[in-house]
Amino acid sequence: MEQAVGRQSTAVAAGGAPALPAPVSGDLYAEVMTFYAWQMRRVDALDIEGFADTFTDDGEVVHADGHRQHGKAEMLAGMRAALPRYRDIAVRHWFGHVLIEPCEGDPGTLRVSYYSLVTLTDREGKVTFQPTFTVDDVLVRRGGRLLTRSRLIRRDTPVEPAA
Amino acid sequence: MEQAVGRQSTAVAAGGAPALPAPVSGDLYAEVMTFYAWQMRRVDALDIEGFADTFTDDGEVVHADGHRQHGKAEMLAGMRAALPRYRDIAVRHWFGHVLIEPCEGDPGTLRVSYYSLVTLTDREGKVTFQPTFTVDDVLVRRGGRLLTRSRLIRRDTPVEPAA
Amino acid sequence: MEQAVGRQSTAVAAGGAPALPAPVSGDLYAEVMTFYAWQMRRVDALDIEGFADTFTDDGEVVHADGHRQHGKAEMLAGMRAALPRYRDIAVRHWFGHVLIEPCEGDPGTLRVSYYSLVTLTDREGKVTFQPTFTVDDVLVRRGGRLLTRSRLIRRDTPVEPAA
């Protein structure tokens, strides 16, 4: 996916000499983790409106298949269309290795990347897994609270190790 | 489970307009995560006494099947009865999306909810999974340290999306 | 593994009366989580050089099979030899229950232990799992940034509950 390259966090950019990002404050870390804990509860509860409200009005999501949703109307329509897929399963999104980087010169804008594992639990309690994903978000602060302005979801695929 | 409704965190309450909870400080976030890291090591080590010591004396656990254990004696007896189940497997509890809310007017009491995934690794290294759960805890501070006063475990089940 | 006993964190040491470790500051918690988010991105990207650079020059890894790698040259050679194993899969390391303990009298040295779950996603998106592991690290601060000085990886095995 070409668009991934330009948008992914500088910290995880391949090539050149990627460097350990500066650590963020504990308060910011807790705030971002709380934001995602809340946002993922909304999507896992199939609370489409509540989930959409965690995005800016011009929020954008690029799905792993390259499909792009722009703005709340498109987002809501896309989520409604996907609902039948979750009729008989409980979906849970698990995050790992959240990496937060305030934008230089604009500390109210955060680049955040994380691993995502999605479990599907059926009525009998059997758990299956979607492929793993890596996600790059841009969060912004509006009226004191965080919102997602953009999300780029990439399915994890095998890499060719450097020679 | 009827009791779940009344006890679950306000932040995840369905109906009305649930709102993003205020973020907690980084120090409190780290303290709660450290508490669970410790508590889960005790249960995963089958250290029944050590695990029970992370609860208040009147601590209560409501299991996903509705069974309620009240006080340390009941808790210890229940855990001892469950031990044979873990004879040949290594159990690990994984948490996700921990959401912490200090009680209004009583900052020493915390409502905490989190996702829980339980892995079972057998002697050959094969991993299987229990159904996913969502847990609502009430933590209190006693003599400077956190303890669990109540725990409500709910198995994740499919939800009916809003119409 | 005999060496595990001597090296594991005091907080998780069996026997005696293990106690809840003192919570660390939110800032330190965020810094350690950021370090691992970065380090695991390097290993999961098969960026061998970048991964090795997250260790001290005399860094040491003791693998679950008891094999010990000491110093960067051994580490790089070992990782290169393991690369063919990841030719057609995307590997992701997930951490749980990170427990951080600054060394008494030497706050720049941290004992960190955590659960580790490794997912392998193949080209079709099918996810399989390695056995679960528990890891004990020693991190040190060099020139303002954290590095891993030692890592002890233990495969989770069933425990015998106390009588």
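Please read all numbers here as calculations on a predicted model, not as lab measurements. (Residues numbered from 1 in each chain as written. Chains lettered and ligands numbered in written order. Predicted model: local features only at pLDDT ≥ 70, side-chain atom pairs only at ≥ 80, totals over all residues. Heavy atoms only, no water.)

Let's shift gears to the overall build of chain A. The helix and strand tally for chain A stands at four helices and seven strands. Helices and strands appear in chain A in the N-to-C order α-α-α-β-β-α-β-β-β-β-β. The 163 residues of chain A split such that 57% are buried. Taking as baseline every contact in chain A between residues at least 6 positions apart, the subset at least 24 positions apart corresponds to 54%. When the accessible surface of chain A is totalled, it reaches about 7100 Å², and 53% of it is carbon and sulfur. (Helix = DSSP H or I, 4+ residues; strand = E, 2+ residues; numbered from the N terminus. Buried < 20%, exposed > 50% of the residue type's maximum accessible area, 1.4 Å probe, protein only. Contact = heavy atoms within 4.5 Å. Areas by Shrake-Rupley, 256 points an atom, 1.4 Å probe, with all protein chains shown as cover.)

The nonpolar side chains of a soluble globular protein tend to be buried with one another. Counting residues in hydrophobic clusters, the biggest one holds 123 residues, and the most contacted among them are Val32(A), Val32(B) and Val32(C). Look past the residues within four positions of Val32(C) in its chain and what remains in contact with it is Val98(C), Ile100(C), Leu110(C), Val112(C), Leu139(C) and Leu146(C). (Core = buried A, V, L, I, M, F, W, Y, C linked by side-chain atoms within 4.5 Å.)

Quick look at the interface of chain A and chain B now. Chain A puts 35 residues into the contact, and the matching count from chain B is 35 residues. Taken over both partners, the interface formed by chain A and chain B buries close to 2800 Å², and the fraction arising from carbon and sulfur atoms is 66%. The largest contributions to the chain A side of the interface with chain B come from Trp38(A), Arg41(A) and Trp94(A), which together make up 27% of the buried area. Between the two partners, chain A and chain B, sit one salt bridge. The salt bridge partner of Asp156(B) is Arg92(A), with a shortest N-O separation of 2.9 Å. Of all the secondary structure elements, the ones that give two or more residues to the side of chain A that touches chain B are helix H2 (26-44), strand S3 (89-103), strand S4 (106-122) and strand S5 (127-129) of chain A. If one sorts the elements of the side of chain A that touches chain B by residue count, H2(A) sits on top with 15 residues. Class assignment of the residues belonging to the side of chain A that touches chain B gives a composition of 17 nonpolar, six polar and 12 charged. (Buried area = accessible area lost by both parts, 1.4 Å probe. Salt bridge = Lys/Arg side-chain N within 4 Å of Asp/Glu carboxyl O. Nonpolar A, V, L, I, M, F, W, Y, C, P; charged D, E, K, R; others polar.)

Now for the relation of the copies chain C and chain B. Each copy superposes on the other: chain C lies on chain B with an RMSD of 0.0 Å after a rotation of 120° and an axial shift of 0.0 Å. As the rotation angle and translation indicate, the two copies are arranged about a three-fold axis. Across chain C, the smallest distance between a C-alpha and the rotation axis is recorded for Gly26(C), namely 2.3 Å. Both copies present different contact surfaces, since only 17% of the interface residues of chain C are interface residues in chain B too. (Least-squares fit on C-alpha atoms with pLDDT ≥ 70 in both.)

The next thing to look at is the interface of chain C and chain B. On the chain B side, the residues contacting the 35 residues of chain C number 35 residues. For the pair chain C and chain B, the two sides together bury roughly 2800 Å², of which 66% comes from carbon and sulfur. On the chain C side of the interface with chain B, the three residues burying the most area are Leu20(C), His97(C) and Tyr115(C), jointly 25% of the side's total. In this structure, the connection of chain C to chain B is made through one salt bridge. Between the two partners, chain C and chain B, sit nine residue pairs in polar contact (both at pLDDT 80 or more). Listing elements by their share of the side of chain C that touches chain B, those giving two or more residues are helix H2 (26-44), strand S3 (89-103) and strand S4 (106-122) of chain C. The greatest single-element share of the side of chain C that touches chain B, amounting to six residues, is contributed by S3(C). In terms of residue class, the side of chain C that touches chain B is built from 21 nonpolar, 10 polar and four charged. (Polar contact = N/O pair within 3.5 Å; in protein donor to acceptor, adjacent residues only side chain to side chain.)

So, about the confidence of the model for chain A. Residues and elements named next belong to chain A. In this model, chain A carries an average pLDDT of 89, and 88% of its residues clear a pLDDT of 70 or more. Within the model, pLDDT remains below 50 along residues 1-15, and this stretch shows 37 contacts once partners closer than five positions in the same chain are excluded. For this predicted complex, the interface score ipTM comes out at 0.89, alongside a pTM of 0.90. (pLDDT = per-residue confidence, 0-100.)

The next point concerns the packing of aromatic side chains. Using the criterion set out here, one finds 24 aromatic pairs over all chains in the structure. Considering the side-chain rings of Tyr29(A) and Tyr29(C), the 6.0 Å spacing of their centres and the 70° angle between planes classify their relative orientation as edge-to-face. Placement of the pair is Tyr29(A) in helix H2 and Tyr29(C) in helix H2, with the two residues belonging to separate chains. One exposure class covers both Tyr29(A) and Tyr29(C), and it is buried. Following the ring pairs from residue to residue traces out a cluster consisting of Phe35(A), Tyr36(A), Phe95(A) and Tyr114(A). The ring centre of Trp38(A) lies 4.6 Å from the NZ or CZ of Arg42(A), which sits over that ring. Taking NZ or CZ as reference, Arg92(C) lies 5.3 Å from the ring centre of Tyr115(A), over its face. (Phe/Tyr/Trp six-rings, centres within 6.5 Å; stacked < 30°, edge-to-face > 60°. Lys NZ or Arg CZ within 6 Å of the ring centre and 35° of its normal.)

With that settled, consider the relation of the copies chain A and chain B. For the pair chain A and chain B, the best superposition has an RMSD of 0.0 Å and corresponds to a rotation of 120° with a translation of 0.0 Å parallel to the axis. Comparing interface residues between copies, only 17% of those in chain A also sit at the interface in chain B, which points to a heterologous contact through distinct surfaces.

Okay, the environment of Arg80(B) next. All names here are of chain B. As for its position among the elements, Arg-80 is in helix H4 (residues 71-82). When its relative accessible area of 46% is taken as the criterion, Arg-80 is described as partly exposed. Spatially, the C-alpha atoms of Arg-80 and Ile-48 are 7.5 Å apart, while their sequence positions differ by 32 residues. Those residues within four positions of Arg-80 in sequence are excluded, and the remaining contacts are Ile-48 and Glu-49.

With that out of the way, let us pick up helix H4 (residues 71-82) of chain C. Residue and element names in this part refer to chain C. An ideal rise of 1.5 Å per residue puts 16 Å on 12 residues; H4 measures up with 17 Å between its terminal C-alpha atoms. If you check which residues of H4 are buried, you get Gly-71, Met-75, Leu-76, Met-79 and Ala-82. Buried residues of H4 fall within an arc of 165° about the axis and therefore sit on the same side. Turned more than 90 degrees away from the buried face of H4, the exposed residues are Ala-73 and Ala-81. (Expected span 1.5 Å × (residues − 1). Arc of directions from axis to C-beta.)

Quick look at the side chain of Arg92(A) now. Position of Arg92(A) relative to the elements: it lies in strand S3. Residues within four places of Arg92(A) in sequence aside, it is in contact with Asp44(A), Leu117(A), Val118(A), Thr119(A), Tyr115(B), Thr132(B), Thr134(B) and Asp156(B).

A few words now on the pairing of S3(A). Residue and element names in this part refer to chain A. In terms of residue burial, S3 counts as a mostly covered element, since 13 of its 15 residues are buried. Where S3 and S4 come together, 13 bridges link them in antiparallel fashion. Residue pairing in the sheet places Leu-99 in a bridge with Ser-113 of S4. The turn linking S3 back onto S4 is made up of two residues, and Gly-105 within it adopts a positive phi angle of 80°. (Pairing = 2+ DSSP bridges.)

Moving on: the packing of H2(A) against helix H2 (residues 26-44) of chain B. Two numbers describe how H2(A) lies on H2(B): the axes approach to 7 Å, and their chain directions differ by 65°. On the basis of the axis angle, H2(A) is roughly perpendicular to H2(B). On H2(B), the residues that touch Gly26(A), Asp27(A), Tyr29(A), Ala30(A) and Met33(A) of H2(A) are Gly26(B), Asp27(B) and Tyr29(B). (Axes fitted to C-alpha atoms, helices over the stretch in contact; angles between N-to-C directions. Parallel < 35°, antiparallel > 145°, perpendicular 65-115°, else oblique.)

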